[in-house]
Amino acid sequence: MSTATPTPAAQDRGGKFLTFYLADEEYGVEILKVQEIIGMQPITRVPRTPAFIRGVINLRGKVIPIMDLRERFGMESAEAALQGASEADVQAAEAVRCIIVVQVVNPAGQAVPVGIVVDRVSEVSSIGGGEIEDAPSFGSGVRTEYLLGLGKAQGRVKLLLDIDRVLAADELEQLAESESVDAAA
Amino acid sequence: MLPTDVDLDLLKDFLVESRDCITGSEAALLALEHTPDDMEAVNTVFRAFHTVKGTSAFIGLARMTAFAHEAESLLSRVRDREIAYTKACATLSLRSVDMLKALLDAVEETLRADGPGGALDRPDGYQALIDALVGYDGSAAAPALPAAAAAAPAADDEQGPQAERRQGDRRQGDRRQGDRRQGGNEADQFLRVRTDRLDRLIDMVGELVIAQSMISGDERLAGAARGQGATGAHHELTKKITHAGKIVRELQDLSMSMRMVPLKGTFQKLTRLVRDVAAKLGKDVEFVTEGEDTEIDRNMVDVVGDPLVHMVRNAIDHGVEGPEDRLRAGKARQGRVKLSAYQAGGSVIVELQDDGKGLHRDKIARKAIERGLIESDRGMTDSEVFQLIFAPGFSTAEKITDVSGRGVGMDVVKRNIESVRGRVEIASEPGKGTTFYVRLPLTLAVTDGMLVRVGAERYVVPTTNIHMSFRPERAMLQTVGGRGEVVTLRGEVMPVVRLHRLFNVAGAEEDPTQALLMIVGDGHQRRTALLVDELLGQSQVVAKSLGDGIGAVGGIAGGAILGDGRVGLILDVGDIVALAQSGEATAERPETRRAVA
């Protein structure tokens, strides 16, 4: 993948990204999509929704949904990952877990705020279009259509998310359907 | 035709502005009927027509410009004391107002359907009215209206409700704007604000109230104050917090009041309606309004406007008798319809009173039996019998007129009012008259709810859906078909919905005799018992959507910010009952309810 030459489209993908961790993987979202970062807070569970919808919170008077990206990408849940860890480790992990509020564009073309739970926020990094490569197809895990590409900065690879697609409502519905079918089976 | 090069934004502004002008002029015209010498009112109307003329010429709407010119000329002759403002002149002016509305509607319609370049319809009676305006010579005789123009109002009445409804929306929304036109020098006192910004402000103030109560309720503060014997630094701090609290509460009252608008606009519209309907039916009616400064939620104004139109029409058509009948009955020749509004016990009451012939219990009962609505009226109170007129398809009009009597009115009235959680009551005495009481909540924004706990989760159940709640005894519970549960209360068998099972909540009370059953129903469905752990108390909440990211969730009507700042979910009782009966919680009657997508 180091030999791949960036396409013109890839050039356009450059910009500033807010990066964060899920498990050991570093992800990035375009900084312009980010509204704010807030600390973890009690989330009201909404029944009869897919598992990756953690629920809703009150963001200064506005009710916004919270998504769990680990669940979305089929990763082990944060709680499960910490099983067997020492109390201090659990506390440390919980202290840095937070919610990134992003503005996603819904099918009607309006920007709506959605919160995503991440293990910890890393940094804001500038990644030039030349340092972004198309995502190869992985066997499993993150579906490539969710990725803008793979960004390289400071020798590390960051998975740059196309957050609109990750959280797109029609995707959610499809998933909800397939899950309910799974549950029924 | 709409000019092809028209600036769309400009055109939209023009439509809104012109409607405001016309609304203001209509009110002034009606006022002129009582004080024909009020030159300020004449000027208001003149200015309105003039503004429409000027802007329509600028945009290139030739027909509207020509018409506004004629209407304006008539008024300018009145202003210059060339002709007197007679009844005939008033009728012409009011018709001109209607025609301008029709022209504006045509522009809007074309804009929507065809866009720039589209052909504009010429409203019916246009030419006749122009001729009448031009030919008007100010003689005291009846207006020289050709037959076609006389027919125009009839056609207008047919479209009346829609036209007025459209107009009504704007009128309410831009009512203040209309006032500005009339007031002239009050131009700076009102400001148009986007509703979403206003709603956001109200949200933020709600948050501020919560944040404030968290500070004032902070344990450290309370504990420290106790420890220090309420003296010293903490005493000072407590004082400051109390002070801030007062400001916050005042701010909250203020922000809530921003959504409120007076009923004046609605009442004004009805004044015009009374005039037209009474003239048409040959009745002499005095229309009195009271309390038009009473305020209700902005969103409610639109919803109650139509029912009131209908009720006023009915009062004049069916209630008030013709002049001869009135004299025979020993009443004053002129009938009286009174519309009043006032606040009482957390509601706004709009009262419509007529001194007409009143409702005849027997006649209504007979009709209801005929229509199969009831078997017999025995044991029914008068008020229960009167409520029958709200049943769909019920109409006591002996002949169908185009004013009322199509039998589609009163049930819609009731439905509309109930849709904003209001109620209609009737009091009537034969021969003396009828009074309708429309009771409306002060605001739509706040839902009265009961906070319940299920496991660790809390839900809000709208109070209007709750009939009662109780702790069942073992003997009241039964299982049907091994799976569905029912409870029997005073002979009524109701399915039991275990909310924790439906919503998959862990840690909830499994034993109904240790928990609570809440009897709920939305009025149309079979009553159902919801199993909840306990009641946490009543609360008034502001209903919000769960956010576009989630969409509609079965059984949940929305979210609300609770007193501790967390989100509580508001249950959609009708949906829950349907969900449960689709076979998930009660296997008893799975075929009767719709499947949930």
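Being a predicted model, the structure only gives us computed values, none of them experimental.

Conventions adopted
- Residues numbered from 1 in each chain as written.
- Chains lettered and ligands numbered in written order.
- Predicted model: local features only at pLDDT ≥ 70, side-chain atom pairs only at ≥ 80, totals over all residues.
- Helix = DSSP H or I, 4+ residues; strand = E, 2+ residues; numbered from the N terminus.
- Contact = placed C-beta atoms within 7 Å.
- Buried ≥ 20, exposed ≤ 12 C-beta atoms within 10 Å, placed from the backbone.
- Nonpolar A, V, L, I, M, F, W, Y, C, P; charged D, E, K, R; others polar.
- Pairing = 2+ DSSP bridges.
- Axes fitted to C-alpha atoms, helices over the stretch in contact; angles between N-to-C directions.
- Expected span 1.5 Å × (residues − 1).
- Parallel < 35°, antiparallel > 145°, perpendicular 65-115°, else oblique.
- Left-handed = near helix turned anticlockwise from the far one by under 90°.
- Core = buried A, V, L, I, M, F, W, Y, C linked by C-beta atoms within 7 Å.
- pLDDT = per-residue confidence, 0-100.

Draft legend 1. Spatial organisation of the overall build of chain B. Scanning chain B from terminus to terminus reveals 18 helices and 18 strands. Counting contacts in chain B only where the partners sit at least 6 residues apart, residues at least 24 apart contribute 66% of the total.

Draft legend 2. Molecular detail of the overall build of chain A. Each helix and strand counted, chain A has six helices and eleven strands in total. By the burial criterion, 32% of the 185 residues in chain A qualify as buried. Looking at chain A alone, contacts between residues at least 24 apart form 55% of all its contacts between residues at least 6 apart.

Draft legend 3. Here's a closer look at the interface of chain B and chain A. Taken together, the contact pairs 26 residues of chain B with 22 residues of chain A. Of all the secondary-structure elements, those providing two or more residues to the side of chain B that touches chain A are α8 (195-216), β17 (556-561) and β18 (567-571) of chain B. At four residues, α8 of chain B tops the list of elements feeding residues into the side of chain B that touches chain A. Looking at side-chain class alone, the side of chain B that touches chain A contains nine nonpolar, eleven polar and six charged residues.

Draft legend 4. Just the sheet that holds β18 of chain B, in detail. All names here are of chain B. One open sheet holds the five strands; their spatial order is β16-β8-β9-β18-β17, and the pairing between them is mixed. Each having just a single partner strand, β16 (534-542) and β17 make up the two edges of the open sheet. The average undirected angle you get between the axes of adjacent strands in this sheet is 35 degrees. Across five bridges, the pairing between β17 and β18 is antiparallel. By the bridge assignment, Ile556 is partnered in β18 with Leu571.

Draft legend 5. Summary view of the pairing of strand β5 (residues 62-68) of chain A. Residues and elements named next belong to chain A. When you tally the buried positions in β5, you get six out of seven residues, the bulk of the element. One ladder, built from six bridges, connects strand β4 (residues 53-59) with β5; its direction is antiparallel. Bridging across to β5, Val56 finds its partner in Pro65. The turn joining β4 and β5, which pair antiparallel and follow one another in sequence, is formed by two residues; a positive phi near 45 degrees is taken by Arg60. Examined bridge by bridge, β5 and strand β7 (residues 111-118) share three bridges and lie parallel to one another. Along β7, the bridge assignment pairs Met67 with Ile116.

Draft legend 6. Molecular detail of helix α2 (residues 39-59) of chain B. Given a rise of 1.5 Å per residue, 21 residues ought to cover 30 Å, and the 30 Å separating the end C-alpha atoms of α2 of chain B matches this to within 8%. Gly60 of chain B occupies a position one or two residues after α2 of chain B and carries a positive phi of about 100 degrees.

Draft legend 7. Looking closely at the packing of helix α1 (residues 8-34) of chain B against helix α4 (residues 87-113) of chain B. Residue and element names in this part refer to chain B. The geometry of α1 relative to α4 is characterised by a closest axis approach of 10 Å and an angle of 165 degrees between their N-to-C directions. The orientation of α1 with respect to α4, classified from their angle, is roughly antiparallel. In this structure, α1 meets α4 at a crossing whose hand is left-handed. Here Leu11, Leu15, Ser18, Arg19, Ile22, Ser25, Glu26, Leu29, Leu32 and Glu33 of α1 lie close against α4, whose contacting residues are Ala90, Ser93, Leu94, Val97, Leu100, Lys101, Leu104, Val107, Glu108 and Leu111. Across the contact of α1 with α4, the residue classes tally to twelve nonpolar, three polar and five charged.

Draft legend 8. Broad picture of the sheet that holds strand β1 (residues 15-22) of chain A. Residues and elements named next belong to chain A. What the six strands build is an open sheet, ordered β8-β1-β2-β11-β10-β9; its pairing is mixed. Each having just a single partner strand, β8 (120-127) and β9 (132-133) make up the two edges of the open sheet. As paired elements, β1 and β8 share seven bridges and run antiparallel to each other. Looking across to β8, one finds that Gly15 is bridged to Ile127.

Draft legend 9. The arrangement of the nonpolar core in detail. Ranked by internal contacts, the top residues of the largest apolar core, which has 76 residues, are Leu161 of chain A together with Leu571 of chain B. Per-element tally for this core: the top contributor is helix α18 (residues 573-584) of chain B, with six residues. Setting aside its immediate chain neighbours within four residues, Leu571 of chain B contacts Tyr459, Val460, Val461, Gly555, Ile556, Ala557 and Ile576 of chain B. Membership of the second largest hydrophobic core comes to 41 residues, among which are Leu2, Val45, Phe67 and Ala88 of chain B.

Draft legend 10. Focus on unusual backbone geometry. The backbone of Arg48 of chain A sits at a positive phi, close to 60 degrees, despite the residue not being glycine. Mapping Arg48 of chain A onto the fold places it in the loop between β3 (34-39) and β4. Positive phi outside glycine occurs at Arg490 of chain B, with the angle close to 45 degrees. Positionally, Arg490 of chain B belongs in the loop between β12 (484-489) and β13 (492-498). Residue Arg490 of chain B is classed as exposed on the basis of its C-beta count, with 5 C-beta atoms lying within 10 Å.

Draft legend 11. Here's a closer look at the confidence of the model for chain A. Residue and element names in this part refer to chain A. On average, chain A scores 80 in pLDDT, and the residues at 70 or more come to 80%. Predicted confidence in chain A is weakest over helix α6 (residues 169-184), with a mean pLDDT of 49, and strongest over β3, with 94. Segment residues 1-11: pLDDT under 50, and 15 contacts once partners within four positions in sequence are set aside and those in other chains are kept.

Draft legend 12. Region of the structure containing the packing of helix α3 (residues 62-79) of chain B against helix α5 (residues 126-135) of chain B. All names here are of chain B. Remark: α3 packs on α5, axes separated minimally by 9 Å, with the N-to-C direction vectors making an angle of 30 degrees. Between α3 and α5, the interaxial angle falls into the category roughly parallel. Taken as a pair, α3 and α5 cross one another with a handedness that is left-handed. Each of Phe67, Glu70, Ala71 and Leu74 in α3 lies in contact with α5, whose residues at this interface are Ile130, Leu133 and Val134. Looking at the contact of α3 with α5, its residues break down into six nonpolar, no polar and one charged.

Draft legend 13. Broad picture of the environment of Glu33 of chain B. Residues and elements named next belong to chain B. Note that Glu33 resides in helix α1. According to the C-beta neighbour criterion, Glu33 is partly exposed, with 15 such atoms within 10 Å. In the structure, Glu33 is positioned 53 residues away from Thr86 in sequence and 8.2 Å away in space, judged by C-alpha atoms.

Draft legend 14. Up close: the confidence of the model for chain B. Residues and elements named next belong to chain B. Mean pLDDT over chain B works out to 77, with 82% of the residues at or above the 70 mark. Counted against residues more than four places away or in other chains, residues 140-187, with its pLDDT under 50, gives 77 contacts. Ignoring residues within four places in sequence, the model shows residues 585-597, a span with pLDDT below 50, making 32 contacts including any to other chains. The ipTM for the predicted assembly is 0.78, set against a pTM of 0.57.

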